[in-house]
Each structure stands twice: as structure tokens, then as C-alpha cells.
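Coordinates in review
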Amino acid sequence: QEALKMLSHTHFRHVYTRENRIKCLEKAHDNNWTIAQLDRELILDDRKRKEKRLQIPKEIKVDLQLGDFRKLIKDISDNSIDLILTDPPYAKEYLPLWNNLAEESYRVLKPSGFLIVYSGQTSLPEKMNYLNKYLKYYWLGMLYHKGNVGQCFEVNMFNRAKPILFYYKPPLKNQETWLEDVIISEKSDKDIHEWGQNIKPFEKIIECFTNYNDTVL
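Below or above, wherever it landed, is the structure these notes cover. (Residues numbered from 1 in each chain as written. Predicted model: local features only at pLDDT ≥ 70, side-chain atom pairs only at ≥ 80, totals over all residues. Heavy atoms only, no water.)

Considerations on the packing of aromatic side chains
The condition that has to hold: Two rings belonging to Phe, Tyr or Trp (six-membered ring only in the last case) form a pair when the distance between their centres is within 6.5 Å. Interplanar angles under 30 degrees mark stacking, angles over 60 mark edge-to-face geometry, and anything in between is tilted. By definition, any uninterrupted DSSP run of H or I lasting at least four residues is a helix, any uninterrupted run of E lasting at least two residues is a strand, and each is numbered from the N terminus. The buried label applies to any residue whose accessible area, calculated with a 1.4 Å probe on protein chains only, is under 20% of its type's maximum; exposed applies above 50%, and partly exposed to all values in between. Lysine NZ or arginine CZ positioned within 6 Å of the ring centre and within 35 degrees of the ring normal marks a charge as sitting over the ring.
Summed over all chains, the structure comprises seven aromatic pairs. Seen from their ring centres, Phe114 and Tyr138 are 4.9 Å apart, and the 70 degrees between their planes marks the pair as edge-to-face. Of this pair, Phe114 sits in strand β2 (residues 109-118) while Tyr138 sits in strand β3 (residues 136-145); the two residues are 24 residues apart in sequence, bridging distant segments of the chain. Where Tyr138 meets Tyr168, the ring centres are 6.1 Å apart and the plane angle is 80 degrees; that geometry is what we call edge-to-face. Placement of the pair is Tyr138 in strand β3 and Tyr168 in strand β6 (residues 161-168), with a sequence separation of 30 residues. We classify Tyr168 as buried; its relative accessible area is 13%. The structure contains a cluster of three or more aromatic residues connected by ring pairs, namely Phe114, Tyr138, Phe166, Tyr168 and Phe209. One Lys or Arg, Lys169, reaches over the ring of Tyr106 and ends 4.9 Å from the middle of that ring.

Here is the structure:
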């Protein structure tokens, strides 16, 4: 207990559970490691876990469909998805879709699975209320847009930051990799659709919240 309090939190940035922290302290004690040695071992262990997660399966299954998600998602089995990562419409007329998203996410997510969703600033409380009906709040992040800034004339605001809502289906199991909650988006990709986003933040989130052979929706 005392050792856990004495050591700087930064030395455990690669280890996410209390059990793992205690195991690392016991190993450090048995081998008479210095703080620097402990930190180095944690970095190496974290690197090994990342390499395991990033292994490319022999066969990558991709199912790309176009249509109304409320209909398409009915074909997905209960408790079958590890991560849902999405960027739904932000305008007020689409608010009811957030209830559909929350309800279906609860159904198809595996226990401890995550729903991570981009959102506009407007109607944010209402959107979170829909999500709170079915899932548990985990964290609020921000997507920081470089380049051109948006304008919201309703409130006279220049909009450069976009909320990222993190929710989970109980029971809670923290992701293994730490994620900084402000993610920088270099430039939006509008080549395919006017609402398109930069793919890099999506890649970062998937790397942090999934493991080898996980299913992402």
C-alpha cells in the first residue's frame, strides 16, 4: 500500500489494473530494481502487448454495407461486438437516432464492450441522456480540428473541438492502452462524403480499445 502511494503515477502509465501494479512492484522488489529499471520493464511489457494486439490475422474479414443502420443492425447477433465506433449526424432532427444507437449498442455489444461516438456540441445533453438509458458513461474526450475552423451562428462560437463520448456495457473492464483524451485531427477527409472525418483518430481509438481478433462495428 505504501509503495503504491510513494511511486509516481507516471511510472504506471503502461499498466492499467491494480493487480498488475502490485505484481510489478513484487517483481521489482524481488529483483532489487531501481525506479528507472521498473519503468523500463513496464515500457518493454507495454510494447510486447501492443505488438500482440497489432498482429495481422491471416484472414481479415470486412463486411461493408450501405443503408439504414436501424435495419442493418438487426442482422447482428446479440453480444457479438467488441467496439462500436461511429460518427452519427449531429443536427437536432436526427436526435431520435441516438436512442436507436444506444438501444442497439446495448444489445450487440459484448459485456465490457465500448461504444465510442463523435458528437457535435449542440444538443449534447439530450444525446447523452439517450446513451445513459442503456449504457454506462466512461469518459468525455475531444477531437481537436486543425486547419479551418467551423462556425456556430446560434451561439456565436468558432468551433474547433468536437466531443468524443465513451460509453460501455457493464461490467466495466478498462482498456489496456492509455489514451490521451484530446485527439488531434490534422484535416477532415471530405473526398467521399461532406461529413467525412480524418481516419487517423479512428485508427488510434481502435488500437487502444481493441485486441487481436476483436470485432469492430
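Some thoughts on unusual backbone geometry
Note the cis peptide between Pro170 and Pro171, where omega equals 5 degrees. Mapped onto the elements of the fold, Pro171 is located in the loop between β6 and β7 (182-185). In the Ramachandran plot, Asn32 falls in the positive-phi region, its phi being about 55 degrees despite a non-glycine side chain. Among the structural elements, Asn32 can be located in the loop between α2 (18-30) and α3 (35-53). The exposed category is assigned to Asn32, whose relative accessible area is 65%. Positive phi, close to 80 degrees, is recorded for Ser112, a residue that is not glycine. With respect to the helices and strands, Ser112 occurs in strand β2.

Focus: the environment of Lys200
By the secondary structure assignment, Lys200 is in helix α7 (residues 199-209). As for Lys200 and Ser185, which are separated by 15 residues in sequence, their C-alpha atoms are 7.2 Å apart.

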